[in-house]
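Fold and contact review
Listed below are the residues making up each chain.
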Amino acid sequence: MASDPVQSAEDMILLIPGPTPVPGRVLRAQSRRMINHRCPAFHELLQRVTAGLKPCFRTAGDPLLLTASGTGGLEAALVNTLSPGDRVLAVSTGAFGKRFADIAAAYGAEVSRLDVEWGLPGALVLVDAISGLLATALEHDAWGLDVTVAGSQKAFMIPPGLSFVAMSDRAWEASKRARMPRFYFDLEPARTSLAKGENPWTPAVSLVYALDEALAMIAEEGHEAMLARHLRLRDGVRAGCRVLGLEPLAADSCASPAVTALRVPDGLDEPQVRARLRGRYGVEIAGGQGHLKGKIVRIGHLGWVSETNVLQGVALLGQALRDLGRPVDPAAAVAAAEAATRGNA
Ligand SMILES: *Cc1c(COP(=O)(O)O)cnc(C)c1O
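My aim in this report is to walk through the structure given alongside it, one point at a time. Chains are numbered independently. Their residues run from 1 in the order of the written sequence. A pLDDT threshold of at least 70 governs which residues receive local features in this predicted model, and a stricter bar of 80 or more applies before side-chain atom pairs are shown or counted, although totals over entire chains, interfaces and linings include all residues. Calculated side-chain values reflect all of the structure's heavy atoms, with hydrogen atoms and water omitted.

Moving on: the layout of surface pockets. In this structure, the second largest pocket spans a volume of roughly 290 Å³. The pocket and cavity definitions rest on a 1 Å grid over protein atoms only: a 1.4 Å probe that fits but cannot leave marks a cavity, an open set with protein on both sides within 12 Å along at least five of seven lines marks a pocket, and residues lining either have an atom within 4 Å of a point. Looking at the second largest pocket, it is lined by 13 residues, and the ones nearest its centre are Glu10, Met12, Leu14, Pro21 and Val22. Side-chain classes follow a simple rule in which Ala, Val, Leu, Ile, Met, Phe, Trp, Tyr, Cys and Pro form the nonpolar group, Asp, Glu, Lys and Arg form the charged group, and the remainder, Gly included, forms the polar group. Of the residues contributing to the lining of the second largest pocket, the split by class is 10 nonpolar, two polar and one charged. Grid points are joined across faces, edges and corners, and a volume is the space filled by probe spheres set on the points.

This is how it looks when you write it as structure tokens:
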């Protein structure tokens, strides 16, 4: 960072909805030397991480590991279950809902994005839980979900490059009839290879090491504790930012434990707020997408994020707003954020 000789881009407080901060333990795990991905040590590693992914998805089945970002997992969910001409109802609440629908359309599905026609007999439920999994409750088996997709660089605390796909028995049945073209993302070879502890293609071995370590951290914290922490972080961000005059976009009743979108008040230039926060204070937050670009900022609080990080973020956002001429009180915002995180303890 130009203004601070001791702080580099790597030292930033990363409060964006992915990639999320990577713990030192995980970084060290992924720096190990390469091994053969067709050797007993890798077989054991893949079997261990697959076992560790099951409780994350709350499924008894084996989640499959793909070397791809989250979007690859979404593509796999669609091409393994659908055929061209199949009707898809895209229930979308944000920019990524549109992406899921766009992939379906690219493969020739009949996508309806508006009208909700519930109770389609035999309909499969495909869920984009890329940022949601481990940040908020999701029960793949108990909720009867058919394909659930997650990604590495969100609550899993590892770098981008892996996605995870859990399939129901119904989804596997559908995959026998599905006629969308597929090759790299064909899940049948992934399932067959997994029985031998392998991936069909060369996996991102370093990321699997990272996953192994991250799953150990997730088990140490505990699933319930991890979800509770995300709720505390969410409440802290919302309370602190409200004191700074930034209103959350979503109502409290449906607020996300992974990311908080906040309206930028009139008279403030959104890119200027983020530039000040990054350039002077070393805190990275995200802007809006699509029609909300320039109107909101998004603060990610998922994965390896602590209450201290959230308090730092709120304090420094307040300071940046003051620098830009807003009459705000960063100390009051920090106090409100701190009280709100305790409220959820
Ligand atoms: C991050 C994210 C994506 C995009 O995943 P990539 O890893 O960028 O391909 C899709 N959906 C949701 C909900 C996400 O949070």
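A separate point is the site of the ligand. Taken together, the neighbourhood of the ligand is formed by Ser69, Gly70, Thr71, Phe96, Arg99, Asp128, Ile130, Ser131, Gln153 and Lys154. In protein, a polar contact requires one atom able to donate a hydrogen and another able to accept it; more generally it is a pair of N or O atoms within 3.5 Å, and residues adjacent in sequence count only if both atoms are side-chain atoms. Between an oxygen atom of the ligand and a side-chain N or O atom of Ser69, the distance comes to 2.5 Å. Within the side chain of Gln153, an N or O atom sits 2.8 Å from an oxygen atom of the ligand. Residue exposure ignores everything except the shown protein chains as possible cover, and the areas themselves are Shrake-Rupley values with a 1.4 Å probe. A total of 380 Å² of accessible area belongs to the ligand in isolation, and the protein chains cover 84% of it. Runs of H or I in DSSP of at least four residues are treated as helices and runs of E of at least two as strands, each being numbered from the N terminus. For the shell around the ligand, the secondary structure elements donating two or more residues are α3 (70-79) and α4 (95-106). Working definition: residue near molecule or strand if any one of its non-hydrogen atoms lies within 4 Å of it.

Throughout, exposure labels follow a simple rule: accessible area from a 1.4 Å probe, protein chains only, divided by the maximum for the residue type, with under 20% read as buried, over 50% as exposed, and the rest as partly exposed. Burial of strand β7 (residues 162-167) is extensive: six of the six residues sit out of reach of the surface. Here β7 shows a buried face lined by Leu162, Phe164 and Ala166 and a second buried face lined by Ser163, Val165 and Met167. Strand pairing is defined by DSSP finding a minimum of two bridges between the two strands. With four bridges joining them, strand β2 (residues 64-67) and β7 adopt antiparallel strand pairing. Bridging from a neighbouring strand, Leu64 pairs with Val165 of β7. In the sheet, strand β6 (residues 147-151) pairs with β7 via five bridges, with the strands oriented antiparallel. Bridging from a neighbouring strand, Val147 pairs with Met167 of β7.

Another aspect to go through is the sheet that holds strand β11 (residues 296-300). If you walk across this open sheet you meet the three strands as β8-β11-β10, and the pairing is antiparallel. Each edge of the open sheet carries a strand with a single partner, namely β8 (259-263) and β10 (286-287). As paired strands, β8 and β11 are joined by five bridges and run antiparallel to one another. Across the sheet, residue Thr260 finds its bridge partner in β11, namely Ile299.

Turning our eyes to something else, we now look at the packing of helix α2 (residues 40-57) against helix α7 (residues 205-221). Only the contacting stretch of a helix is used when fitting its axis, a line to C-alpha atoms as for every element, and angles between N-to-C directions run 0 to 180 degrees. Contact pair α2 / α7: the axes reach a minimum separation of 10 Å and the direction vectors enclose 50°. In terms of axis orientation, α2 runs oblique to α7. Pair α2 / α7 crosses with left-handed handedness. On α7, the residues that touch Phe42, Leu45, Arg48, Val49, Gly52, Leu53 and Cys56 of α2 are Val205, Val208, Tyr209, Leu211, Asp212 and Leu215. Looking at side-chain class alone, the contact of α2 with α7 contains 10 nonpolar, one polar and two charged residues. By definition in this entry, angles of less than 35 degrees are roughly parallel, angles greater than 145 are roughly antiparallel, angles of 65 to 115 are roughly perpendicular, and the rest are oblique. The hand of a helix crossing depends on one turn: near helix anticlockwise from the far one by less than a right angle means left-handed, and clockwise means right-handed. Here, residues are in contact when the closest pair of their heavy atoms is within 4.5 Å.

A few words on the nonpolar core. By convention a nonpolar core is built from buried Ala, Val, Leu, Ile, Met, Phe, Trp, Tyr and Cys residues, the set being connected through side-chain atoms within 4.5 Å. Residues Phe156, Phe164 and Leu211 are the most contacted members of the largest nonpolar core, which totals 63 residues. Considering every element that reaches this core, the biggest residue donor is α7, with 10 residues. When sequence neighbours within four positions are dropped, the list of residues in contact with Phe156 reads Leu53, Cys56, Leu133, Leu134, Ala150, Gly151, Phe164, Leu211, Ala214, Leu215 and Ile218. In terms of nonpolar packing, the next biggest core, distinct from the first, is built from 27 residues, Ile13, Leu246, Ile299 and Val314 among them.

Next up on the list: the pattern of salt bridges. Salt-bridge detection follows one rule: a side-chain nitrogen of Lys or Arg within 4 Å of a carboxyl oxygen of Asp or Glu. Enumeration over the complete set of coordinates arrives at 23 salt bridges. Of the charged contacts in the structure, one is a salt bridge between Glu307 and Arg232, with a shortest N-O distance of 2.6 Å. Taken together, the positions of Glu307 in helix α10 (residues 307-323) and Arg232 in helix α8 (residues 223-243) put the pair 75 residues apart, joining distant regions of the chain.

Moving on, we get to α4. Helix span, as expected, comes to 1.5 Å for every residue beyond the first. For α4, spanning 12 residues, the distance from its first C-alpha to its last is 17 Å, which sits close to the expected 16 Å at 1.5 Å a residue. Taken residue by residue, α4 has Phe100, Ala101, Ile103 and Ala104 as its buried positions. Take α4 and look down its axis: the buried residues cluster within an arc of 155°, on one side only. Tucked inside the fold, the buried residues of α4 contact α3, β3 (87-89), β4 (110-112) and β5 (126-128). Where α4 ends, the next residue or the one after it, Gly108, has phi of about 90°, a positive value. It is the directions from the helix axis to the C-beta atoms whose arc is reported.

A separate point is the state of the cysteines. Pairs of cysteine sulfur atoms within 2.5 Å are what we label disulfides. Applying the stated rule across the entire model yields zero disulfides. Residue Cys241 stays outside any disulfide, its sulfur separated by 17 Å from that of Cys254, the closest cysteine. Judged by relative accessible area, which is 0%, Cys241 ranks as buried. On the basis of relative accessible area, Cys254 is assigned to the exposed category, the value being 53%.

Turning next to the sheet that holds β7. On the basis of which strands lie adjacent, the open sheet formed by four strands has the order β2-β7-β6-β5 and mixed pairing. Of all the strands in the sheet, the pair left with one neighbour each is β2 and β5. Pairs of neighbouring strands in the sheet enclose a mean axial angle of 20°, with direction left out of account. Most of the contacts of α3 go to β6, to which it runs at about 165°, and overall it touches β2, β5, β6 and β7. Most of the contacts of α7 go to β7, to which it runs at about 65°, and overall it touches β2 and β7.

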